[in-house]
Amino acid sequence: MNRIAGKPRDDSLIEVQCGGEDNNGCQLESFAEEVPGNGHNGSESSSSCVDLAVSLHSSRSSVSVCVECERECSQHHNESIHQLSSVSGIWRKRALFLKYRSRVDKQQQSKDSVFFRDGVRRIDFVLSYYMDEKDKDADKKQERRKVYEAKLQECGLELETEDKSESEDGRTCYVKIHAPWEVLATYAEILKIKVPFKVNDIPDHRDMPLSWLCTPFRLPTHVMHPEPDFFTSPFDKSKVDFFLIDNKDTFFPPSTRNRIVYYILSRCAYQNTASQQNDKKGIKRLLNNGTYTAAFPLHDCRYWTQSRDPNCENERYSLYRYWAQFFRFYKEQPLDRIRNYYGEKIGIYFAWLGFYTEMLFYAALVGLFCFIYAVTTYDQSVWSKEICSENIGGQIVMCPLCDKKCGYWKLNSTCNSTWQSHLFDNVGTVFFAVFMAIWVTLFLELWKRRQARLEYEWDLVDFEEEQQQLQLRPEYEIKCQKRRLNRITQEMEPYLPLTSQCVRGCLSGVTVLFWIALIIASIIGVIAYRLAVYAAFASAMRDSPTNKIQLVGSVITPQLATSVTASCINFVIIMILNFFYERVAIWITDLEIPKTHLEYENRLTVKMFLFQFVNYYSSCFYVAFFKGKFVGYPGDYAYMFNNKWSGLRNEECDPGGCLIELTTQLVIVMTGKQAWGNIQEALVPWMKNWWVSRSARNHPESLYSRWEQDHDLQNFSQLGLFYEYLEMVIQFGFITLFVASFPLAPLLALLNNILEVRVDAWKLTTQFRRPIAAKAHSIGAWEEILHMIAVFSVVTNAFIVAFTSDMIPRLVYLYAYHPGNEPTMQGYINNSLSIFNISQIPMDNQPEAGENPGWFNSSDITTCRYRDYRYPPGHEKEYSHTMQFWHIIAAKLAFIIIMEHVAFLVKFFVAWLIPDVPSDVKARVRRERYLIQEYLQKYELEKLKVQLSVNNGACTCDAPHPTACTPVDPRL
């Protein structure tokens with residue numbers, strides 16, 4: 001049965017069926033026969049005709065029917081129209097749609113197809129738009145579409161339109177675009193796309209020893225390497241027979257085809273030449289002004305099942321089966337398939353994410369060993385036992401931690417926090433900090449090698465220069481009105497004057513500084529909250545009411561409650577500021593008018609990361625390097641803004657040290673960000689797609705067309721990968737900058753990334769439209785940012801060990817101030833606490849009546865202790881720093897210098913030892929360049945021989961037989 005359908009006048013959908021053996025003729029049916037409420041009995045009228053011809057095209061096409069059939073059916077057609085007119089509103093449209101769809105599944109070709117109606121021409125791109133009669137700009141949009149589509153056809157593209165009556169919602173029209181061979185060949189040459197000319201003849205000798213151990217993690221060979229390896233060369237339209245072309249229809253893969261089509265769409269005007277303005281061009285502007293609602297390439301099939309079309313590659317199904325399912329988390333990624341389907345830019349991202357996750361395994365393993373070491377050595381912690389001892393810690397009375405609302409307290413009340421602090425503040429901390437300095441260097445250097453291999457395998461070796469020269473942003477070409485001569489190409493090109501660049505750059509810089517200042521102001525607000533609320537928690541917990549809470553009640557202290565609530569508030573502020581700044585960063589980057597796509601992404605990357613760096617890490621920097629460092633002492637406390645009347649006394653560290661608070665801050669912000677990110681990435685797109693496609697998802701594939709299915713998915717924006725990189729780089733900062741405070745951070749990151757790889761794969765394969773393929777030879781500016789974080793992490797971890805942990809004061813006491821002849825940590829707690837006379841505490845700092853615990857008797861207790869190294873009352877240097885304090889400061893500075901130099905020396909040595917490009921990749925690149933020259937030379941020689949043989953012969957042609965030629969002997 002052959003079927004062609006169209007939509008003629010009066011919204012009457014007509015189906016013409018040309019019968020086979022049982023029906024030697026044609027049957028014409030009205031789609032409006034069984035409209036609800038019209039009282040029609042559903043009978044059908046049919047007539048026979050001979051040699052029926054039906055021709056259907058898009059909105060600009062017409063339906064042609066043989067005269068005999070049209071005459072016999074006209075009466076029934078008019079009756080159907082009359083019946084439709086009695087039904088109004090949505091029922092009428094719905095009836096037309098349902099009746100039409102009931103006929104569609106009779107056709108042989110499924111609508112779940114990536115080909116035109118002829119089943120031959122592939123759909124390379126789809127544009128969609130709404131036909132809304134209530135839109136006041138409907139006529140303008142229609143005129144733009146008419147001009148734009150006409151100009152696309154002038155560029156050689158072929159279009160086919162699906163009318164709104166054939167869509168699921170009854171109001172969306174689709175324009176399907178096909179790029180024929182001539183267009184593909186022309187633009188492949190312009191874009192210098194590399195194509196194969198010879199099978200790679202260099203054997204692969206990358207077999208690793210004990211490779212059989214990795215067998216459970218491997219994917220089948222046909223999945224990992226779906227195509228053989230080729231030597232490639234930039235395409236040249238004049239040398240078609242030089243390349244390995246078996247079939248012109250499949251020579252360029254779909255990712256290359258949609259990249260070429262989008263290149264054309266981005267530069268095609270939508271105004272007539274007479275009224276054309278320079279900025280009236282490009283699909284982006286048409287999407288922004290609502291002329292089109294979406295522009296996207298098609299997925300090749302449904303992700304959960306293979307297509308019925310035998311010509312379909314089913315790459316999406318293969319990716320979902322072998323890559324995008326969570327139970328495949330332990331398998332390697334099919335990077336070649338990802339690259340072939342989504343393009344090199346997305347392929348590079350998943351290659352980097354997978355490599356980063358693999359390297360995290362080793363960091364997580366060492367961090368876990370360090371944590372286990374801390375748990376097993378707790379009994380060896382003499383200072384912790386002294387704090388928890390009733391005879392030592394129970395006899396030490398500490399000074400109040402805040403004014404008026406805080407009373408005196410005993411040191412052994414912090415026994416739990418001391419034990420928690422020991423888990424992260426021990427000798428293993430120093431070892432792990434040094435190890436992470438080496439690990440981060442190995443990660444970056446080994447990634448360079450992996451990236452170099454991918455550059456060669458994916459034909460990206462010389463791509464950077466092409467990116468700069470060829471792929472100017474359409475916005476740059478549109479907004480830059482002035483032209484100047486390019487000294488290299490000797491062609492006129494657009495440019496942005498230096499004065500305009502300076503003004504735009506200054507405005508951009510001021511905006512970024514303003515938002516950074518806003519972050520700092522919010523951090524100051526959180527600090528003020530911590531100072532103000534601590535007194536409230538201390539007063540409320542004076543009689544330990546939290547002990548009544550099961551399991552965790554005994555470990556809740558005013559310090560912990562303040563730290564946790566402040567961290568949660570800070571996390572909420574971080575997410576709110578991120579939400580607004582993302583839009584501001586895009587706006588100011590657009591304002592700068594970057595020249596190329598690469599330059600645009602690099603500028604946006606710097607702005608976003610600078611903001612995110614301050615936003616996410618500022619609270620951790622405060623706890624690590626400022627809290628507890630500028631407190632003063634009981635007789636002379638320091639206050640916020642250096643103003644005593646503010647009542648906000650600077651925070652002191654927990655008696656167990658500030659390191660445990662830094663750990664708390666790090667865990668809350670890091671895990672909270674990762675959890676929120678996964679919700680945003682997976683749950684939100686799924687819910688949106690569920691809502692949009694709720695009325696169509698039950699349709700069989702013969703009714704629910706491929707373009708409609710993809711249209712109902714979420715759009716993957718050009719900045720989609722940017723946010724993925726940003727999320728991972730921020731995580732990288734957490735596990736490197738502050739890893740000395742939390743050795744389990746790499747383990748949390750590893751668990752998150754195992755999920756992240758599959759979540760990103762799942763959402764890209766199932767929840768988003770197919771992204772437009774793009775090339776990228778590296779991870780771009782993110783690589784430099786990672787190097788910057790790696791260097792900075794050495795400094796931060798050295799300062800954390802020196803100034804935030806108590807490691808250096810313990811070592812100084814152990815080797816210089818211990819009692820007796822043998823090094824011992826006994827007496828360390830008493831040595832690290834200074835004494836203050838209670839009678840000398842000012843009244844403004846004294847606890848209010850009723851704030852002191854019941855055991856406190858002012859007549860018996862005359863002194864209190866505080867964390868510092870100062871002379872006791874009555875000494876000639878009363879309350880000034882002791883010599884031990886300066887020895888500790890000197891030891892801390894010496895440790896920082898030694899650790900930094902050792903770490904940097906190891907980093908530079910490892911970087912020098914590991915070459916950026918593997919030797920076999922260098923050999924392959926040289927081999928390919930040699931073969932290109934050799935084969936091109938042979939090709940040109942063969943071509944010259946053919947040309948000479950033609951020139952040496954003559955041809956005589958008889959008029960009646962213009963194709964009959966007889967060579968003439970040149971000697972005659």
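Residues numbered from 1 in each chain as written. Predicted model: local features only at pLDDT ≥ 70, side-chain atom pairs only at ≥ 80, totals over all residues. Heavy atoms only, no water.

A. View of the overall build of the protein. Check the secondary structure of the protein and you find 28 helices and 19 strands. Contacts spanning at least 24 positions in sequence make up 76% of the contacts within the protein whose residues lie at least 6 apart. Put simply, the protein shows about 47100 Å² of open surface, and 58% of that area lies on carbon and sulfur atoms. (Helix = DSSP H or I, 4+ residues; strand = E, 2+ residues; numbered from the N terminus. Contact = heavy atoms within 4.5 Å. Areas by Shrake-Rupley, 256 points an atom, 1.4 Å probe, with all protein chains shown as cover.)

B. Geometry of the packing of helix α14 (residues 427-457) against helix α24 (residues 781-804). Their axes nearest at 9 Å, the elements α14 and α24 cross at an angle of 170 degrees. On the basis of their axis angle, the class for α14 and α24 is roughly antiparallel. Note on element contacts: α24 touches α14 through Glu783, Leu786, His787, Ala790, Val794, Asn797 and Val801, opposite Thr429, Val430, Ala433, Ala437, Val440, Phe443, Leu444, Glu445, Lys448 and Gln451. The class makeup of the residues in the contact of α14 with α24 is 10 nonpolar, 4 polar and 3 charged. (Axes fitted to C-alpha atoms, helices over the stretch in contact; angles between N-to-C directions. Parallel < 35°, antiparallel > 145°, perpendicular 65-115°, else oblique. Nonpolar A, V, L, I, M, F, W, Y, C, P; charged D, E, K, R; others polar.)

C. View of unusual backbone geometry. Here the phi dihedral of Lys404 falls at roughly 70 degrees; this positive angle occurs in a residue that is not glycine. Take Lys404: it is sitting in the loop between β10 (397-398) and β11 (409-410). The backbone of Asp459 sits at a positive phi, close to 60 degrees, despite the residue not being glycine. Position of Asp459 relative to the elements: it lies in the loop between α14 and α15 (463-470).

D. Spatial organisation of the state of the cysteines. Across all of its chains, the model carries 3 disulfides by this definition. Disulfide pairing places Cys388 opposite Cys415 at an S-S distance of 1.9 Å. Residues Cys388 and Cys415 are joined by a disulfide whose S-S torsion is about 100 degrees; by sign, that bridge is right-handed. Taken together, the positions of Cys388 in helix α12 (residues 382-388) and Cys415 in helix α13 (residues 415-424) put the pair 27 residues apart, joining distant regions of the chain. Take Cys388: its relative accessible area is 26%, and that puts it in the partly exposed class. Note that Cys399 is cross-linked by a disulfide to Cys864, the S-S spacing being 1.8 Å. When the S-S torsion is 85 degrees, as for the bridge of Cys399 with Cys864, the disulfide is right-handed. (Disulfide = S-S within 2.5 Å. Buried < 20%, exposed > 50% of the residue type's maximum accessible area, 1.4 Å probe, protein only.)

E. Representation of the nonpolar core within the structure. Counting residues in hydrophobic clusters, the biggest one holds 140 residues, and the most contacted among them are Trp352, Tyr356 and Trp439. Counting residues per element, this core draws most heavily on helix α11 (residues 344-376), which supplies 17 residues. Other than its neighbours up to four places away in sequence, Trp352 contacts Phe443, Trp447, Tyr725, Met728, Ile779 and Leu786. Grouped together as the second largest cluster of nonpolar side chains are 45 residues, Leu159, Val183, Phe252 and Ala295 included. (Core = buried A, V, L, I, M, F, W, Y, C linked by side-chain atoms within 4.5 Å.)

F. Quick peek at the side chain of Asn678. By the secondary structure assignment, Asn678 is in helix α20 (residues 659-692). When sequence neighbours within four positions are dropped, the list of residues in contact with Asn678 reads Leu683, Asn752, Leu755 and Glu756.

G. Geometry of the packing of aromatic side chains. Scanning the model with the defined rule gives 69 aromatic pairs in all. Look at Phe361 and Tyr362: their rings are 5.6 Å apart centre to centre, the planes differ by 80 degrees, and that puts the pair in the edge-to-face class. Residue classification places Phe361 among the partly exposed positions, given a relative accessible area of 42%. Ring geometry for Phe432 versus Phe435: centroids 6.0 Å apart, planes at 25 degrees, classification stacked. With Phe432 and Phe435 both in helix α14 and 3 residues apart, this pair spans about one turn of that helix. Judged by relative accessible area, Phe432 falls into the buried class, the value being 0%. Directly above the ring of Tyr263 sits Arg267, whose terminal nitrogen or CZ lies 4.0 Å from the centroid. Looking at Lys410, its charged tip hangs above the ring of Trp855, at a distance of 4.7 Å from the centre. (Phe/Tyr/Trp six-rings, centres within 6.5 Å; stacked < 30°, edge-to-face > 60°. Lys NZ or Arg CZ within 6 Å of the ring centre and 35° of its normal.)

H. Fine view of the pattern of salt bridges. Tallied over the full model, the rule gives 35 salt bridges. The shortest N-O distance in the salt bridge between Glu661 and Lys627 comes to 1.9 Å. With Glu661 in helix α20 and Lys627 in the loop between α19 (597-625) and β14 (632-633), this residue pair connects regions lying 34 residues apart in the sequence. Take Glu661: its relative accessible area is 4%, and that puts it in the buried class. (Salt bridge = Lys/Arg side-chain N within 4 Å of Asp/Glu carboxyl O.)

I. Local environment of the packing of helix α25 (residues 807-817) against helix α27 (residues 883-913). At a minimum axis distance of 10 Å, the contact between α25 and α27 shows a crossing angle of 120 degrees. By the angle class used here, α25 and α27 are oblique. Remark: the crossing between α25 and α27 carries right-handed chirality. On the side of α25, the interface is formed by Ile808, Pro809, Val812 and Tyr817, while α27 contributes Met883, Gln884, His887, Ile888, Ala891, Lys892 and Phe895. In terms of residue class, the contact of α25 with α27 is built from 8 nonpolar, 2 polar and 1 charged. (Left-handed = near helix turned anticlockwise from the far one by under 90°.)

J. Structural view of the side chain of Arg758. Structurally, Arg758 can be placed in helix α23 (residues 745-767). Buried and unpaired, Arg758 has no salt bridge, with Glu358 as the nearest side chain of opposite charge at 8.9 Å. Engagement of the side chain of Arg758 in a polar contact is seen with the backbone oxygen of Arg328, the distance being 3.0 Å. Those residues in contact with Arg758 that sit more than four places away from it in its chain are Tyr322, Trp323, Ala324, Gln325, Phe326, Arg328, Phe329, Lys331 and Gln333. (Lys, Arg positive; Asp, Glu negative; His and termini not counted. Polar contact = N/O pair within 3.5 Å; in protein donor to acceptor, adjacent residues only side chain to side chain.)

K. Structural detail: α13. Among the residues making up α13, those that are buried are Ser417, Thr418, Ser421, His422, Leu423 and Phe424. Contact partners of the buried residues in α13: α11, α12, α14 and α20.

L. Molecular detail of the environment of Asp229. Here Asp229 shows up in the loop between α5 (221-224) and β8 (230-234). Overall, Asp229 belongs to the partly exposed group, its relative accessible area being 34%. Spatially, the C-alpha atoms of Asp229 and Asp201 are 8.8 Å apart, while their sequence positions differ by 28 residues. Once you skip the residues sitting within four places of it in the chain, Asp229 turns out to touch Val199, Asn200 and Arg924. Polar contacts involving the side chain of Asp229 include one to the side chain of Asn200, which spans 2.7 Å.

M. Structural detail: the sheet that holds strand β4 (residues 125-130). The 4 strands lie next to each other as β5-β6-β4-β9, forming an open sheet whose pairing is antiparallel. Looking along the sheet, the strands with just one partner apiece sit at the ends: β5 (158-162) and β9 (294-296). On average, each strand axis in the sheet is tilted by 15 degrees relative to the strand beside it, whichever way the strands run. Sheet topology places β4 next to β9; 3 bridges connect them, and they run antiparallel. Across the sheet, Ser128 pairs through a bridge with Ala294, a residue of β9. Lying on the sheet, helix α3 (residues 138-154) is in contact with β4, β5 and β6 (172-178); it crosses β4 at an angle near 165 degrees. Lying over the sheet, helix α7 (residues 254-265) contacts β4 and β6, oriented at roughly 50 degrees with respect to β4. (Pairing = 2+ DSSP bridges.)

N. Representation of the environment of Ile898 in the model. Note on placement: Ile898 falls in helix α27. On the accessibility criterion, Ile898 (55% relative accessible area) is exposed. Each C-alpha atom of the pair Ile898 and Ala798 lies 9.2 Å from the other, and the pair is 100 residues apart in sequence.

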